[in-house]
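Coordinate inspection notes
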Amino acid sequence: MAVQERDLESIVKKVLEELSRKEETPEAGQGVFEDMNDAIEAAEQAQKELIKLSLEERGAIIEAIREASRKHVETFARMAVEETGMGNYEDKVRKNVLVIDKTPGIEDLKTEAVSGDNGLTVVELSPYGVIGSITPTTNPTETIICNSIGMIAAGNSVVFSPHPGAKDTSLKAVEIINQAIVEAGGPKNLITSIAEPSIDQANIMMRHKKVRMLVATGGPGVVKAVLTSGKKAIGAGAGNPPVVVDETADLEKAAKDIVDGCSFDNNIPCVAEKELFVVEAVADYLVFHMKKHGAFQLNDPKHIEKLTELVVDNGHANKEFVGKDIQYILKQIGVDAPQDARIAIMDVEADHPLVPAELMMPILPVVRTANVDEAIELAVEAEHGFRHTSIMHSKNIDNLTKFAKAIQTTIFVKNGPSYAGLGVGGEGYTSFTIAGPTGEGLTSAKDFARKRKCVLVDSLSVR
Ligand code: NAD
């Protein structure tokens, strides 16, 4: 029977599709278990193998994680947008590249030494063993890459409990990282997870005696859960970052920085600008320039009311609209935002429901204040004592100092977009697990390690 040209075309297409799928899914299933207990047991075995390796070999594993992740950033970004329906592809690519480039590795582990008449004592950073890491929907692969680098650099293995809403994307990262580790000569299952993550499975992990440390990256519920687990825990919780602008700021630059930071990945980063407090005298000028950079102003009080009803649900964000484009959100209230709009802004009073809610949407309520002291006071209130992130645009060092002291946030960005605090256009390393409640700050390998003191009596002090 002769094969028609059309049939041939379709066969070739199918074969090519199959081949490209295979290329994207290197040995699917690596590190992913049906049962949480098996995932933990396998990670425990892997950790025992890991600590037999030299530090140089551990360093090579970290490099392999970076390289393999780099090859897949586009897949990670695409999958995350498709699966979670939040954020945008370009910014997700940027966030993944950021953690690959700027998460510290084994160089983060510094040994302390004391020497004297009684010899030499060193304090070294050693692994906990198996770490249980609970990860969010908002940065699924970024958190897995970042925590894998830091936790493995410190000599641990990791069991990931991802958000069910980002399951496929998260498990893809687990598989790719596992494969890279094995190819670099490391043990298999150094990071593991389960095929069907859920809060019940996270609870099994939290209670398991072989999990020696817990790290929660998410909202208040999960942070509370790990902190009441009875285990050593790091909690990286919610924020509601206020931005304050006083009359001394470079207003043109502030306007651009605020829109850039607030619109980044449709506002889902926990550090992103969530409400603006601006001194009345300069408010119109600031808003005028924000509009030039893609801020769309809602003026009709009815629109503001309808939007509030839509996006605020009992004081919290309506999950349906988290991380969505501003055009999509405004369409629901019958407003057509221009295609180049990146965020919506609206004048409100400080006690308006849009201000205290951590919306994670490209919506920025603007509160005008009589002076900088009032702006600072209201910003501190809006942050709820989360001590996460705040931003200020000012040239007055006394005002900057006053706000930084009053708000006590883990990240305080002066005269830049919020993401400068993550190391984009700002100095310093990055982390996607920012531990405000437990105080580690931007976590890195040193925070996933135990301090151990080794004392050599009467020798090796050569002073
Ligand atoms: P979420 O709290 O809904 O979920 C986070 C993770 O915790 C998920 O894996 C979820 O399954 C799990 N979880 C939730 N409640 C739990 C419980 N009671 N017991 C066990 N596991 C539980 O958060 P999300 O929507 O995925 O992410 C957004 C939130 O996370 C925002 O509040 C944001 O500010 C915060 N966040 C903080 C940081 C940080 O570094 N501080 C980083 C990213 C996100």
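Remember, it's a predicted structure, so these values are computed and weren't measured experimentally. (Residues numbered from 1 in each chain as written. Predicted model: local features only at pLDDT ≥ 70, side-chain atom pairs only at ≥ 80, totals over all residues. Heavy atoms only, no water.)

Helix and strand counts for the protein chain stand at 15 helices and 20 strands. Here the C-alpha radius of gyration of the protein chain, 24 Å, is about what a compact globule of 463 residues would show, namely 23 Å. Principal-axis analysis of the C-alpha atoms places the extent of the protein chain at approximately 95 × 65 × 35 Å. In the protein chain, buried positions account for 56% of the 463 residues. Excluding contacts between residues fewer than 6 apart, the proportion of contacts in the protein chain whose partners are at least 24 apart in sequence is 74%. Carbon and sulfur atoms provide 51% of the accessible area of the protein chain, an area that totals close to 21,000 Å². If you average the places of the 50 positive and of the 68 negative side-chain charges in the protein chain, the two averages end up 5 Å apart. (Helix = DSSP H or I, 4+ residues; strand = E, 2+ residues; numbered from the N terminus. Rg over C-alpha atoms; globule rule 2.2 N^0.38 Å. Buried < 20%, exposed > 50% of the residue type's maximum accessible area, 1.4 Å probe, protein only. Contact = heavy atoms within 4.5 Å. Areas by Shrake-Rupley, 256 points an atom, 1.4 Å probe, with all protein chains shown as cover. Lys, Arg positive; Asp, Glu negative; His and termini not counted. Charge placed at Lys NZ, Arg CZ, Asp CG, Glu CD.)

On to the site of the ligand. Near the ligand, the surroundings consist of 29 residues, among which Thr135, Thr137, Gly219, Glu358 and Ile434 are the closest. Measuring from an oxygen atom of the ligand, one finds a backbone N or O atom of His163 at 3.2 Å. Between the ligand and the protein, one listed contact pairs an oxygen atom with a backbone N or O atom of Phe432 at 3.5 Å. When the ligand sits alone it has 840 Å² of accessible area, and the protein chains cover 88% of it. Mapped onto the shell around the ligand, the elements with two or more residues apiece are helix 8 (199-207) and helix 9 (220-227). Of all the elements, helix 8 adds the most residues to the shell around the ligand, at 3 residues. Looking at the shell around the ligand residue by residue, the classes come out as 15 nonpolar, 13 polar and 1 charged. Shared between two domains, the shell around the ligand holds at least three residues of each, these being domain 1 (28-237 + 442-453) and domain 2 (242-426). (Near = heavy atom within 4 Å. Polar contact = N/O pair within 3.5 Å; in protein donor to acceptor, adjacent residues only side chain to side chain. Nonpolar A, V, L, I, M, F, W, Y, C, P; charged D, E, K, R; others polar. Domains from an automatic or database assignment.)

This part covers the UniProt feature "domain: Aldehyde dehydrogenase" (unreviewed entry) in the protein chain. Taking the UniProt record as the reference, the feature "domain: Aldehyde dehydrogenase" (unreviewed entry) is found at residues 33-417. End-to-end, the C-alpha atoms of residues 33-417 are 40 Å apart, and along that stretch the chain is 44% helix and 20% strand. (UniProt positions renumbered as here; feature names shortened; annotations may be inferred.)

It is worth spelling out the packing of aromatic side chains at this point. Under the criterion given, the structure shown has 3 aromatic pairs. An angle of 40° between the planes, with centres 6.2 Å apart, marks the rings of Phe321 and Tyr328 as tilted. Taking relative accessible area as the criterion, Phe321 reaches 3% and is therefore assigned buried. (Phe/Tyr/Trp six-rings, centres within 6.5 Å; stacked < 30°, edge-to-face > 60°.)

Take helix 15 (residues 397-407) next. Within the span of helix 15, buried status applies to Asn399, Leu400, Phe403 and Ile407. Each buried residue of helix 15 sits inside an arc of 100° when the element is viewed along its axis, so together they form one side. Opposite the buried face of helix 15, at more than 90 degrees from it, the exposed residues are Ile397, Asp398 and Lys405. The inward-facing, buried residues of helix 15 contact strand 9 (242-245), helix 14 (372-382), strand 16 (389-393) and strand 17 (411-414). (Arc of directions from axis to C-beta.)

All right, on to the nonpolar core then. Counting residues in each nonpolar core, the largest one holds 117 residues, and the members touching the most others are Leu276, Leu286, Met290 and Val311. The contact partners of Val311, leaving out residues within four places of it in the chain, are His316, Ala317, Asn318, Phe321, Ile329, Leu354, Leu359, Met361 and Ile363. Listed in part, the 16 residues of the second largest apolar core include Met36, Val159, Met205 and Ala216. (Core = buried A, V, L, I, M, F, W, Y, C linked by side-chain atoms within 4.5 Å.)

The subject of this paragraph is the sheet that holds strand 1 (residues 32-33). Taken in spatial order, the 6 strands of this open sheet run 1-6-5-4-7-8, and their pairing is parallel. Sheet topology places strand 1 and strand 8 (232-236) at the edges, where each strand pairs with a single neighbour. Here 2 bridges tie strand 1 to strand 6 (residues 191-194), and the two strands are oriented parallel to one another. Within strand 6, the residue paired with Val32 across the bridge is Ser193. Its contacts with the sheet place helix 8 against strand 4 (130-134), strand 5 (157-161), strand 6 and strand 7 (211-217), and it is angled at close to 150° to strand 4. (Pairing = 2+ DSSP bridges. Axes fitted to C-alpha atoms, helices over the stretch in contact; angles between N-to-C directions.)

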